[in-house]
Each structure stands twice: as C-alpha cells, then as structure tokens.
Amino acid sequence: MSKPVTRRDFMRESAGTAAAALGASLFGLDHLDAIARQAPRQARSATVTLVRDRNALTASHEVDPTVLARMLSDLVVRVTGERTPRAAWLSLVKPSDVVGIVPTGHLNPTHGELFEAVRRSLIDAGVPAQNIVNANGGIEKARVCTALVALPALKAHWLTGIGTVLKNYILFSGGPSRYHDENNARLGEIWNLPGVKGKTRLVLVDGLRPLCDKGPQVDPRYLWDYNGLIAGVDPVAVETIALRIILEKRQALRGEPWPLSPPPLCVAAADTVYGLGTSRMNEIKLNAAGWTEGLLVGP
Amino acid sequence: MGYHPRVLRPISMLAVLGLLLPGCTGSRSTDDRAPKRGAAAFAAPRPDPSLALLRRAKGGPAIQKMSLPKTAGAWTRPDGPKRIDESTIFSYMDGAGEMYVGYRFDHLDVYEYTAPGRDSILVELYWMRSSDDGFGLLSNDWGGQAVVLGASEDIHGLPGATSRAVSDEPVPTSRALYGAGLLRLWSDDLYARVLAGRETPESREQVWALGRAIVAGRPVAARPALLRVLPERIGETFRLRRDRVWFLRSHLVLNSAYFLSSQNILDLSLACEAAIAAYDAVRSGPTSRADSDARRPVPTPGQTARPHLLVIRYPDAATARRAFEHFLGAYLPEARVPTPGAAAAAQRIEHGWVGFRLQSQTLIVALDAPDEAAANTLVETAARNAGPGGGR
C-alpha cells in the first residue's frame with residue numbers, strides 16, 4: 001500500500017506561506033493553491049466564465065427556462081469569444097460529431113431544464129438531434145461519442161470534498177467505488193482513459209442550486225439559490241472556481257472558516273499529476289457577468 | 001525526544017499523490033456504484049468481515065418492524081417499503097452509502113409518501129445493529145432546530161423554553177433535528193430521515209407527525225457510554241464544543257469530522273467505537289454552565305485549528321497496541337513510543353502538539369493542541385475518565 005497522505009503533509013506544504021501565517025482555513029483554497037504551486041511544471045492559463053441571473057430560479061426554486069436559455073447563450077458566447085451562440089457551439093463541436101452530454105444523474109442532479117437547453121442549443125447549431133446523447137453511464141457511452149460536454153451539478157461531497165467536475169466522469173471508470181477513500185486523488189485519470197481523453201469540448205457546471213455540505217445525499221439546509229452557470233474548457237480551472245464558491249458559501253453560513261473535510265485531493269492532483277488543467281488561482285482568470293449579489297468569488 | 005519533524009525531510013505531498021498512481025488498489029470492495037438511471041451491471045461488494053462476526057455474535061440480522069401510518073395529511077404511502085441492504089445501498093445513494101456502512105448498518109426501508117399536486121415526503125428508516133450506531137449517524141451534524149417527538153425524551157432548549165436539561169454526556173440533548181424540510185432523528189437502533197420535497201407549513205406538519213409516529217412506543221436509549229470519557233474542559237482554558245462531538249467507527253467518517261489521513265492509520269473498524277470532539281478557548285469569567293453555554297467560544301488567537309480529542313476503544317488490548325503502533329509509524333514516526341503503562345506522551349509537529357496515550361484497549365489522542373501542557377491535560381483527563389480498564 002502506498003504512503004498515506006496525512007494532515008501533516010498539508011501543513012508542511014503550506015508552512016511559511018502567507019496562508020499559514022494568516023491562519024487561513026485548513027484545507028481551504030489557499031492551502032490547496034500553495035500545494036499546487038510547488039509542483040514544477042510549465043505555466044498555464046485558463047479562463048473560467050460565470051454567468052448569473054437573479055431570476056434564473058423562482059421563489060419556489062423552479063427553473064425559468066427562458067432566463068436559463070438566455071444565460072446559456074451568454075455563457076457560451078463569453079467562453080468562446082464568438083459573436084453568436086450558434087457560432088460559439090460550432091467552435092466547440094462539429095455538426096458531424098456525436099455529442100455526449102454528461103449530466104449528474106442522481107442525488108442533487110443536473111437540472112433537466114439545463115440539459116434540455118444545452119441539447120436545444122446544439123440542435124440549433126446544426127448537430128442532428130439523434131447525434132446528441134445522454135452519456136451518463138459506463139465507458140461504452142463515452143466511446144460512441146466524438147465530443148463530450150461535461151454538465152455536472154455543483155456540490156460538495158462527503159468522501160471527496162467536492163463532487164462536481166472531476167467526479168463527473170466517474171462512471172466511465174467502470175468501478176466508481178475505487179475512487180472513494182484515498183483514491184479520490186486519482187479521479188483525474190478517468191479523464192485520460194481511452195475513449196474519454198481529448199473529447200471534452202466544454203465543462204459547464206450547473207450552479208443554479210448548489211449543495212455546500214453533506215453531498216451527495218441532499219440536506220436542504222445546505223442548498224442555496226446561487227443562480228449561476230460556470231463554464232470553461234479547462235476542467236481543473238472550472239473545478240477550482242466551483243470549489244471556491246463552495247468554500248466561501250460554507251464560511252458565510254458559519255461565520256468562520258469551514259473547510260471541506262476530507263480535502264479535495266483530486267483537484268491539485270488533476271493539475272500536477274494528470275495534467276488536465278490548472279488549479280492555481282494566479283493562472284485562472286474569472287470572467288463573471290450578471291447578478292452580483294452573493295457572488296462569493298471575484299475576478 | 002526523537003527527531004525534529006523538519007529534519008526528516010518528509011516526502012512532498014505532491015510526491016505522495018504521485019504514489020497513488022498505478023499499484024494502489026486500496027482496501028475497498030470492487031463493486032460498481034451505478035447511477036439511478038442508465039445503470040450498468042455491477043458486482044456485489046465483499047462483506048465486511050468484522051460485520052460478519054457481529055452478526056454471528058448477535059445470532060443473525062435483527063428483524064425490525066415499523067408500522068408507519070398509511071396517510072399523513074394529504075400524503076399516502078405505498079403498502080410496503082423499498083428495502084435497501086448493504087449490497088444495494090450504493091446504487092440507491094452512490095457514495096453516500098459509505099457513511100451508513102461505516103456504522104453497523106443492517107438495512108434501509110424507504111417509503112415515499114405522495115399527494116396530488118404536492119411534492120412527496122420521503123421517509124428513510126436506517127436500521128442499525130445498535131443504538132450507538134443510530135446515535136452516531138445523528139452526531140454527524142448537530143445543526144438544525146431541536147424537536148421533541150416523544151413524551152419520554154429529554155427536555156430540550158426549545159425557543160421560549162424556560163428550562164433545559166443537560167445530559168451526562170457532553171453532547172446536545174436533541175434526539176431529533178429539523179431544518180428546511182428535513183427531519184433527522186435517532187431512536188434506539190434506528191436513524192431516520194424524513195424529507196419533504198418542498199417545505200411548506202403543511203409538509204412540515206406532516207414531517208413532524210411522521211417523526212412522532214416513528215418514535216412512538218420505542219425505547220429511549222442511552223447515549224454511547226464512551227462519550228463520558230471526553231472532558232468538558234481543559235482547565236479553565238478550553239471548553240468542549242458539544243455541537244462538534246462525533247461518535248464513529250470508520251476512518252471515512254473520521255475524515256469527515258477531522259481529516260487525519262487518506263488511509264486508515266488508526267485501524268478503525270466496525271469492531272471499534274470512537275469519539276472525536278473539538279474544543280474552543282474560552283475567556284475567564286462566569287463559571288456556571290448556563291452562563292458558559294450562553295457565551296460563544298472563540299478559537300485560540302494565532303491558532304489555525306481547534307484542539308481535538310479522539311478516543312478509540314478497540315476490541316482488546318492487543319488490537320489497540322497494533323493500532324497505536326500503526327498510527328505512530330504513519331503519523332508520528334519521530335515520536336518515541338512510551339513503554340506500556342507509561343504516562344501520556346506528547347510530540348510537537350507542524351501545527352501544534354499531538355498528545356497520545358494507550359491505556360489497555362483505549363487509545364487517546366489529542367490533536368492540534370496549542371502547547372504540550374494542553375496536549376497532556378487533554379489526554380490525562382480523558383484517561384482518568386476512561387478508568388484503568390480504558391473503557392466502560
């Protein structure tokens with residue numbers, strides 16, 4: 001058995017950093033960021049786009065499909081820099097692609113309205129409806145696709161810290177339970193599996209009503225209407241921003257730092273071990289638009 | 001006292017993450033956890049051997065029966081529950097199932113109450129193999145509004161109440177907690193969740209009614225005796241946070257309360273019982289319990305984390321010794337192992353002091369103590385509470 005990762009390893013890595021000196025929350029983003037910075041690798045950069053609308057959800061937490069469609073259009077245009085949503089989607093996929101949309105299917109799942117909005121957008125961009133599939137499931141679902149759109153729901157996870165982007169493809173592994181316990185740091189390897197690697201065109205996180213504790217089993221005390229969509233082409237950068245939102249919300253709830261326990265080992269590993277993207281905040285540009293109340297993250 | 005931790009040149013955590021690559025198989029079973037929709041076939045998990053021993057000792061799985069009302073206001077349930085056991089819990093709730101099998105889980109009965117034009121009310125009855133396990137699940141989160149469901153329960157501090165009973169154990173007196181449409185309750189060997197799909201005054205009333213129906217006629221069990229080992233105070237400096245006391249058996253649950261290690265370096269299992277508690281610094285002043293409870297404790301200035309005390313009772317002294325040595329080797333390799341029966345020892349590490357003491361079948365560990373004296377006081381006080389036998 002490999003050497004365990006312990007609490008002491010985290011404290012050693014951030015010892016002497018500004019985060020430690022300021023008493024930053026244990027296993028908060030500052031600690032994880034300090035750890036990631038120490039890995040020798042070439043500099044990377046990524047842009048993560050966040051679009052929010054105060055009217056995305058009604059008072060009874062129902063999705064307003066019209067508002068959501070508008071948010072999605074705005075989001076993909078901002079992510080790609082294209083002029084129209086059609087051009088934006090066509091810069092990500094081809095009409096000849098078999099596009100697999102990978103939602104969170106269970107326990108605080110991706111909103112069906114968002115799945116449908118993405119599907120409709122792809123159809124409007126020229127991808128035939130029969131070539132757009134729900135790819136949530138085993139590896140055979142990924143294999144038949146030539147392009148993937150990761151569409152996870154934003155939630156904390158009691159086993160892995162965060163259960164959003166990197167965990168989104170866990171069923172492709174054929175053995176999800178292998179990634180509980182310490183092996184959650186290896187979630188990034190699933191993104192490099194044959195049949196999966198290189199296919200993800202967009203990571204789009206459903207941050208409409210996230211879950212900031214006790215996931216995946218839903219505890220409604222920890223749900224809140226964030227009314228946001230978070231997207232980018234760098235899955236690790238998107239996960240890092242999602243993680244920050246979760247951590248900031250937790251701190252806001254308790255009025256003091258409330259770190260995730262266990263810490264999300266998978267995020268730094270996806271950067272430094274699997275090379276999937278960047279988890280370093282100084283390499284991530286956040287492009288936030290729309291509703292600013294309760295934003296929790298800054299550019 | 002051994003080597004200073006920095007002299008050892010610990011392996012970079014990033015390098016350790018690299019060691020988690022090929023070859024690491026972990027110790028969990030190899031079943032697949034399929035989602036609710038589009039599920040792929042998966043193999044049944046390997047049964048936990050310690051649970052098998054427990055079943056044989058108890059003469060086989062317990063048979064629990066619960067007769068829930070057919071209707072709750074406008075809501076109606078199906079005739080029978082959906083039965084979930086250890087082989088199907090992961091297809092039902094993915095990785096959340098690990099929490100329940102981390103206690104002595106027997107089975108889960110699920111009832112979905114439905115009503116025309118209304119969101120459903122989901123009743124989940126987690127039947128455990130002991131009352132302590134039901135309590136342990138509730139202790140994962142003491143938040144929410146305390147609710148009294150049964151006439152014979154402890155009096156609790158409801159808003160507006162003029163009195164509050166304080167239990168002998170250093171935990172909240174609540175046996176049921178409610179928030180945002182979810183009622184969580186502990187009733188002897190049962191832990192239950194009653195969740196309204198949408199919280200309304202009507203659904204809240206029925207959620208509470210179902211809670212009362214669940215606990216009606218059931219025994220009011222005592223809390224785990226192990227909790228009495230936890231000192232309420234460390235001198236006049238630190239006070240236990242009652243709302244941060246967990247009862248557990250699994251290292252996964254421990255990591256949810258306090259991340260110690262990615263591996264099970266304390267050899268926790270279903271054959272063990274453990275408690276972990278957080279402590280806050282308190283200022284000098286009023287010493288009555290009521291006054292102290294009213295004051296908000298604050299973290300120690302300059303301290304990045306609260307002191308914690310972890311107490312583990314193993315099945316026997318030999319198992320405790322092996323676990324103790326495993327823990328020292330994995331977490332405190334620089335520490336000098338005290339001779340059997342020696343006084344508590346403490347070790348300074350990166351983020352404060354760790355105190356530890358092995359007392360018969362009980363291992364006591366103080367974590368994130370601000371200084372050596374606090375670490376020793378925590379451990380020694382708990383050791384006195386535990387008694388020479390290290391347990392009950």
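Analysis parameters
Residues numbered from 1 in each chain as written. Chains lettered and ligands numbered in written order. Predicted model: local features only at pLDDT ≥ 70, side-chain atom pairs only at ≥ 80, totals over all residues. Core = buried A, V, L, I, M, F, W, Y, C linked by C-beta atoms within 7 Å. Buried ≥ 20, exposed ≤ 12 C-beta atoms within 10 Å, placed from the backbone. Helix = DSSP H or I, 4+ residues; strand = E, 2+ residues; numbered from the N terminus. Domains from an automatic or database assignment. Contact = placed C-beta atoms within 7 Å. Nonpolar A, V, L, I, M, F, W, Y, C, P; charged D, E, K, R; others polar. Expected span 1.5 Å × (residues − 1). Arc of directions from axis to C-beta. Axes fitted to C-alpha atoms, helices over the stretch in contact; angles between N-to-C directions. Parallel < 35°, antiparallel > 145°, perpendicular 65-115°, else oblique. Left-handed = near helix turned anticlockwise from the far one by under 90°. Pairing = 2+ DSSP bridges.

Brief notes about the nonpolar core
Nonpolar side chains in soluble globular proteins generally cluster together in the buried interior.
In step 1: Formed by 190 residues in total, the largest nonpolar core has its most connected members in Ala242 of chain A together with Tyr126, Ala275 and Val311 of chain B.
In step 2: With nine residues, the single largest contributor to this core is helix α8 (residues 235-254) of chain A.
In step 3: A domain split of this core shows at least three residues from each of domain 1 (49-215) and domain 2 (225-386) of chain B.
In step 4: Look past the residues within four positions of tyrosine 126 of chain B in its chain and what remains in contact with it is Tyr100, Phe105, Leu108, Leu137, Leu190, Tyr191 and Ala192 of chain B.

With respect to the domain arrangement of chain B
Residue and element names in this part refer to chain B.
In step 1: With domains assigned, chain B is organised as domain 1 (49-215) and domain 2 (225-386).
In step 2: Counting from both sides, the interface comprises 20 residues of domain 1 and, opposite them, 21 residues of domain 2.
In step 3: In terms of residue count, the dominant contributor to the side of domain 1 that touches domain 2 is helix α5 (residues 131-139) (four residues).
In step 4: Residue composition of the side of domain 1 that touches domain 2, grouped by class: ten nonpolar, five polar and five charged.

Some thoughts on helix α4 (residues 65-80) of chain A
Residues and elements named next belong to chain A.
In step 1: Its 16 residues place the ends of α4 22 Å apart at the C-alpha level, agreeing with the 22 Å of an ideal helix rising 1.5 Å per residue.
In step 2: If you check which residues of α4 are buried, you get Leu68, Met71, Leu72, Leu75, Val76, Val79 and Thr80. Take α4 and look down its axis: the buried residues cluster within an arc of 140°, on one side only.
In step 3: A positive backbone phi angle near 80° is found at glycine 81, which sits one or two residues after α4.

Looking at the packing of α4 of chain A against helix α6 (residues 112-124) of chain A
Residues and elements named next belong to chain A.
In step 1: Interhelical geometry of α4 versus α6 gives an angle of 55° and a closest axis separation of 10 Å. What the angle tells us is that α4 and α6 run oblique. Handedness of the α4/α6 crossing: right-handed. Taken together, the residues of α6 that come into contact with α4 (itself represented by Pro65, Leu68, Ala69 and Leu72) are Glu113, Leu114, Ala117, Val118 and Ser121.
In step 2: Of the residues contributing to the contact of α4 with α6, the split by class is seven nonpolar, one polar and one charged.

Digging into unusual backbone geometry
All names here are of chain A.
In step 1: Look at the link from glycine 215 to proline 216: it is a cis peptide, with omega at 5°.
In step 2: Note that proline 216 resides in the loop between β7 (200-211) and β8 (228-232).
In step 3: In this structure, proline 262 follows serine 261 across a cis peptide bond, with omega equal to 0°.
In step 4: Structurally, the position occupied by proline 262 is in the loop between α8 and α9 (265-272).
In step 5: Even without a glycine there, the phi angle at lysine 214 is positive, about 70°.

Concerning the pairing of strand β4 (residues 147-151) of chain A
Residues and elements named next belong to chain A.
In step 1: Taking burial as the measure, the five residues of β4 include five buried ones, the bulk of the element.
In step 2: Along β4, one buried face is formed by Ala147, Val149 and Leu151 and the opposite face, lined by Leu148 and Ala150, is buried too.
In step 3: Note: strand β2 (residues 99-103) against β4, five bridges, orientation parallel. The partner of valine 102 across the bridge, within β4, is alanine 150.

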